[in-house]
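Chain and residue survey
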Amino acid sequence: MLSMWKIHPFKNNPFNNHFFKSNSCKNNEICIAATSRHAGMNGGRDGARYRVLAMGLLLFCPVTLWGADNFRTAEYERNGAALDSINAAEAYSLGFSGKGVGVAVIDATGELSGDEFAGRVDSGAGWISSPWNGASHGYAVAGVIGAAKNDSGIHGIAYQATLLPLGTTFSSNTLVNAQLNVLDRPDIKIVNNSWGYSIFNDTVQTFSVDRQIELLDGIINNNLMIGTEMAKQGQLTVFAAGNEGHLTPSINAGLPTLLDAYGIDNTIANNWLSVVAYDPSQRPSSAAFIASFSNLGFGASAYTLLAPGVNIVSTRDANTTEKFSGTSFSTPYVSGVAALASEAFPYLNGKQLADILLSTATPLTGSNTPRAVLLIHKNYDDHQNYLSSDLNVYATGNAVTFSDEEMTVFLARVREDAFFDNLTDEQVRSAIRARASAQNINVLTTEDYQSLFGQGMVNAYKAVQGPGALNAQRLSNSDLSSGTFNGNYAIYGVDTQGYSSTWSNDIAQVKNCLLYTSPSPRDTE
């Protein structure tokens with residue numbers, strides 16, 4: 001078990017050369033250090049001992065400006081379960097609202113009118129396609145991110161963020177053109193993508209060779225090329241995992257894993273997040289906690305987060321609100337928390353924002369582990385034509401008995417899938433019980449089961465206080481240096497660009513085994 005290090009305040013001028021470091025650094029571990037932004041760094045890669053260098057940071061305890069309960073207004077409470085589950089009010093109490101941070105929304109609307117968005121729509125907003133009747137999806141996604149805190153309707157997680165909506169028909173051409181528009185805006189650090197294809201990491205390699213080549217040359221290559229350029233200029237790409245009940249995300253959300261599977265140079269992983277949906281009205285330990293429609297994080301755990309995605313109230317248009325469910329509405333919660341963190345630390349790039357969100361998430365472990373997961377699995381052919389749906393139950397034990405409350409939730413969820421319309425309520429219950437029986441349940445190892453939930457639930461309160469861990473598994477070749485500290489180290493360099501800021505979380509260490517041996521689980525204390 002690695003040590004957890006609390007970095008204490010600088011007592012003198014923070015731009016003097018102060019170091020805070022462990023004297024018990026072991027091989028393949030990160031040790032934490034802080035120093036002036038003017039410290040020298042050289043190139044190199046050899047060696048297996050690591051230190052982390054954070055330049056020019058002021059490290060104090062957070063100061064609460066106003067109690068969290070003061071933010072739990074009637075407007076807040078319309079999504080109170082969702083916002084409370086990610087500790088939004090506590091983040092607001094530290095003074096953060098997303099003010100001054102731009103978030104691109106590639107979706108189905110190029111305009112955001114009405115009081116909820118007045119004065120905070122970027123001048124570059126517009127339609128990539130012709131306007132069409134799918135605009136309510138884009139309005140709702142934008143509302144989850146940034147609807148105003150104005151004592152009317154609802155407010156978004158980052159209610160003072162600036163939004164850049166780019167309207168598409170979700171066709172490949174309009175989506176690519178929208179992404180290219182964002183590439184022309186390097187000042188926009190966060191890119192929300194509440195869309196995807198009905199092609200999944202767990203099925204794509206079963207397609208014909210010709211179809212796989214078609215996808216590699218088209219969708220996969222386009223997203224890789226654009227994603228690479230976005231990563232180079234410090235943008236964070238946030239994707240919905242998808243709503244088809246697969247263990248793995250769609251090929252867009254799970255692109256880093258797919259690239260590894262095909263042996264393609266993976267230049268995007270550190271700037272990429274996939275988002276799974278949960279039901280904030282359920283306890284994390286409940287079998288009904290994970291949304292039954294949601295694709296999960298198997299194979300993509302390292303860059304997967306969970307966020308609320310069931311019965312989310314958001315803006316349908318300029319004047320009305322409505323309840324929405326789907327990973328489309330989980331994703332903007334993660335993008336919005338990234339905006340809060342970017343306000344707190346305006347010098348961080350997209351990769352570093354991802355580091356914070358992943359390392360501060362609330363893991364679904366111990367008493368917070370869902371005791372089972374029911375997925376409504378949708379089957380598609382290799383050209384995205386829907387075929388059928390079936391029910392699957394996953395757990396680490398040989399059988400599960402669901403409570404009456406869980407069964408009631410499951411019944412409502414299954415009823416939303418037209419494939420089961422010919423079944424009576426009792427037949428649906430019987431089908432669910434059958435899938436949870438010892439003969440039919442899908443039993444996973446503890447490690448594989450935990451991987452479904454990625455790094456856990458996005459946590460706004462912790463995110464605005466800096467990283468929760470410095471993770472050697474997320475280092476790139478450019479982070480590897482030699483000479484500093486008389487040895488070879490991975491340097492986690494942070495250029496604060498003259499800002500003073502607070503990193504007040506305990507910062508744990510995560511071993512770097514990927515460079516030398518097989519991956520190991522997150523190892524923190």
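Report follows, based on the coordinates. Keep in mind that this is a model prediction, so the values were computed, not measured. All chains use their own residue numbering, which begins from 1 and follows the written sequence. Predicted model: local features are reported for residues with pLDDT of at least 70 only, side-chain atom pairs are reported and counted for 80 or more only, and whole-chain, interface and lining totals are derived from all residues. As a rule here, side-chain values come from all non-hydrogen atoms in the structure, and water together with hydrogens is ignored.

Some details on the packing of helix α4 (residues 135-146) against helix α8 (residues 327-344)
Between N-to-C directions, angles span 0 to 180 degrees; the directions come from axes that are lines fitted to C-alpha atoms, helices contributing only their stretch in contact. We count a stretch as a helix when DSSP gives it H or I for four or more residues in a row; a strand needs E for two or more, and each element gets its number in order from the N terminus. Following both chains from N to C, one finds α4 and α8 inclined at 35 degrees, their axes separated by 8 Å at the closest point. Crossing of α4 against α8: the hand is right-handed. Every residue of α8 that contacts α4 at His137, Ala140, Val141, Val144 and Ile145 is listed here: Ser328, Phe329, Pro332, Tyr333, Ser335 and Gly336. Of the residues assigned to the contact of α4 with α8, the class counts are 7 nonpolar, 4 polar and no charged. Handedness of a crossing is defined here by the sense of rotation of the near helix relative to the far one, left-handed for an anticlockwise turn of less than a right angle and right-handed for a clockwise turn. Should any heavy atoms of two residues lie within 4.5 Å, those residues are considered in contact. Three classes are used, and their members are as follows: Ala, Val, Leu, Ile, Met, Phe, Trp, Tyr, Cys and Pro are nonpolar, Asp, Glu, Lys and Arg are charged, and the others, Gly among them, are polar.

Focus: the sheet that holds strand β13 (residues 373-380)
Paired through backbone hydrogen bonds, the strands of a sheet run either parallel or antiparallel to each other. Note on pairing: two strands pair once DSSP finds at least 2 bridges between them. The sheet built from 3 strands is open, its strands ordered β13-β14-β15 with mixed pairing. Of all the strands in the sheet, just β13 and β15 (442-443) have a single pairing partner and so form its edges. The pairing of strand β14 (residues 386-395) with β15 spans 2 bridges and is classified as parallel. Counterpart to Ala395 in the pairing with β15 is Val443. Contacts from helix α11 (residues 425-435) reach β13, β14 and β15 within the one sheet, and its direction differs from that of β14 by about 55 degrees.

Digging into the pairing of strand β8 (residues 236-240)
Buried means the residue's accessible area, taken with a 1.4 Å probe over protein chains only, is under 20% of the maximum for its type, while exposed means over 50%, and partly exposed covers the values in between. Across the 5 residues that make up β8, a large majority, 5, are buried. Side chains Leu236, Val238 and Ala240 of β8 all project onto a buried face; the interleaved residues Thr237 and Phe239 project onto the opposite face, where all are buried too. Direction of pairing for strand β7 (residues 190-193) relative to β8: parallel, over a ladder of 4 bridges. If you follow Val191 over to β8, its bridge partner there is Thr237. For the crossover from β7 across helix α6 (residues 209-232) to β8, the handedness is right-handed. Here the term right-handed applies to a crossover when the path leading from its first strand over the helix to its second strand runs clockwise, the strands being oriented away from the viewer.

Section: the side chain of Thr304
In this structure, Thr304 sits in strand β10 (residues 304-308). Residue classification places Thr304 among the buried positions, given a relative accessible area of 0%. Residues in contact with Thr304, not counting those within four places in the same chain, are Ser274, Val276, Gly297, Leu358, Gly454, Gln455 and Gly456.

What about the pairing of strand β11 (residues 312-315)?
The pairing of β11 with strand β12 (residues 321-324) spans 4 bridges and is classified as antiparallel. Paired with Ile312 across the strands is Phe324, a residue of β12. Taking the residues that link successive antiparallel strands as the turn, the β11-β12 hairpin has 5 residues.

Quick look at the pattern of salt bridges
In what follows, salt bridge is the name for a side-chain nitrogen of Lys or Arg lying within 4 Å of a carboxyl oxygen of Asp or Glu. Tallying each qualifying case throughout the model produces 16 salt bridges. Ionic pairing is found between Asp279 and Arg413, a salt bridge with its closest N-O pair at 3.4 Å. Within this pair, whereas Asp279 is found in the loop between β9 (272-278) and β10, its partner Arg413 is found in helix α10 (residues 404-415), the two being separated by 134 residues in sequence. Arg413 gets classed as buried once you look at its relative accessible area, which sits at 10%. Between Arg415 and Asp425 there is a salt bridge, with its nearest N and O atoms 3.0 Å apart. Here Arg415, found in helix α10, pairs with Asp425, found in helix α11; they are 10 residues apart in sequence, far enough to count as distant. Through salt bridges with shared partners, one network takes in Asp69, Arg72, Asp84 and Glu90.

Thoughts on the sheet that holds strand β4 (residues 102-107)
What the 7 strands build is an open sheet, ordered β5-β6-β4-β7-β8-β9-β10; its pairing is parallel. Where the open sheet ends on each side, the last strands, each with one partner, are β5 (126-127) and β10. As paired strands, β9 and β10 are joined by 5 bridges and run parallel to one another. Pairing of Val276 across the sheet is with Leu306, part of β10. Here α4 sits on the sheet in contact with β4, β5, β6 (162-167) and β7, set at roughly 160 degrees to β4.

These values are about where atoms sit, not about what they do.
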